[in-house]
Amino acid sequence: MKTFNSINSYKTSKISIVTIGTFDGVHIGHNHILQKLVYDAKNSESESLVLTFFPHPRMILQENNEVKLLNTITEKSKLLENIGIDNLIIHPFDKEFSRLTAEDFVKTILVEKFNIQKIIIGYDHRFGRNRTATIDDLIIFGKQYGFEVEQISAQQIDEISVSSTKIRTAILDGNITLANNYLGYNYSFSGTVVKGKQLGRTIGFPTANINIDEEYKLIPKNGVYIVKSLISGNNFYGMMNIGTRPTVNGLNQTIEVFFIDFDSNLYDQKITIEILDFIRDEQKFDSLESLKKQIEIDKQTTLKFYKKQNF
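Residues numbered from 1 in each chain as written. Predicted model: local features only at pLDDT ≥ 70, side-chain atom pairs only at ≥ 80, totals over all residues. Heavy atoms only, no water.

K.L.:
Kindly report on the packing of helix 7 (residues 164–172) against helix 8 (residues 176–183), identifying the contributing residues and their values.
P.N.:
Interaxial distance between helix 7 and helix 8 falls to 7 Å at its minimum, and their mutual angle equals 155°. Classed by the angle they form, the pair helix 7 and helix 8 counts as roughly antiparallel. Once helix 7 is placed against helix 8, the crossing between them reads as left-handed. Where helix 7 approaches helix 8, its residues Lys-166, Ile-167, Ala-170 and Ile-171 are matched on the opposing element by Leu-178, Ala-179, Tyr-182 and Leu-183. Each residue belonging to the contact of helix 7 with helix 8 can be placed in one class, and the counts come to seven nonpolar, no polar and one charged. (Axes fitted to C-alpha atoms, helices over the stretch in contact; angles between N-to-C directions. Helix = DSSP H or I, 4+ residues; strand = E, 2+ residues; numbered from the N terminus. Parallel < 35°, antiparallel > 145°, perpendicular 65-115°, else oblique. Left-handed = near helix turned anticlockwise from the far one by under 90°. Contact = heavy atoms within 4.5 Å. Nonpolar A, V, L, I, M, F, W, Y, C, P; charged D, E, K, R; others polar.)

K.L.:
Please set out the sheet that holds strand 5 (residues 116–122) residue by residue, giving values where relevant.
P.N.:
Ordered by their spatial adjacency, six strands build an open sheet running 1-4-3-2-5-6, and the pairing between neighbours is parallel. Only two strands of the sheet have a single partner each, and these edge strands are strand 1 (2–4) and strand 6 (148–152). Adjacent strand axes in the sheet meet at a mean angle of 20°, parallel and antiparallel pairs treated alike. Note that strand 3 (residues 47–54) and strand 4 (residues 87–92) share six bridges and pair parallel. Paired with Leu-51 across the strands is Ile-89, a residue of strand 4. Each of strand 2 (16–20), strand 3, strand 5 and strand 6 touches helix 1 (residues 28–43); the most contacted strand, strand 5, lies at about 160° to it. (Pairing = 2+ DSSP bridges.)

Here it is, written out as structure tokens:
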């Protein structure tokens, strides 16, 4: 897959089949569109092209909107590459771009820059200044400029309207199973292992403290989760705590992972944590001994989950 950092950096003499959107999560609804894009491109000797944006348009157009995203740019690019997309344009979204009229967008970008043969879009796609143009406008432009328009209906997307917003809500509610089902893969994040206060070691549960660089990445609600991570070619299961560690009067949110049957130094390494299930809310215990007993219960819950998954 070729990746371009703006529309202006993309040049082609080949015809393109195009789709447009933020594609946050690259979830099962998006997959329906993207796989059709790849299939049609291969069968028409053209190239598949995805136009997406960063920052997320809502970050620019809605004041004080600190929307958290399901994917970092790196994660989204990898997911799109795995689907088989030929070209990905990640265009910087700003207010100037948002003021482009629908017809200017179609003529100067879709037709002149992308050499478009066909566009495939979702059932709720709107575009142009103030997002006023609809599928009907796009069909009219298609007839005018000589490209085909195909719309994927909500019914075709697994008979449910899967949205990035619904997935974000599920993650923030601790409904990891639903979120993962909607995504079609396990929700994850990547971060660097940093030194913490090492309190876990004092109760027999040493943890890896994860620092996430991308502030816009969505972090699940505070609580304890079953997770796994691929480390040195092997999968390790464990429990992750997200929260302020109220038992020891912590103030700042931390992300700590205890890996079962793992005893190696991970400091300064970047690892990816896949979130498999939610165990319980974070709670304050009256002593470290009580906390230790609960963590042992959480460990048994994790082991049962692991055994069930591997039968």
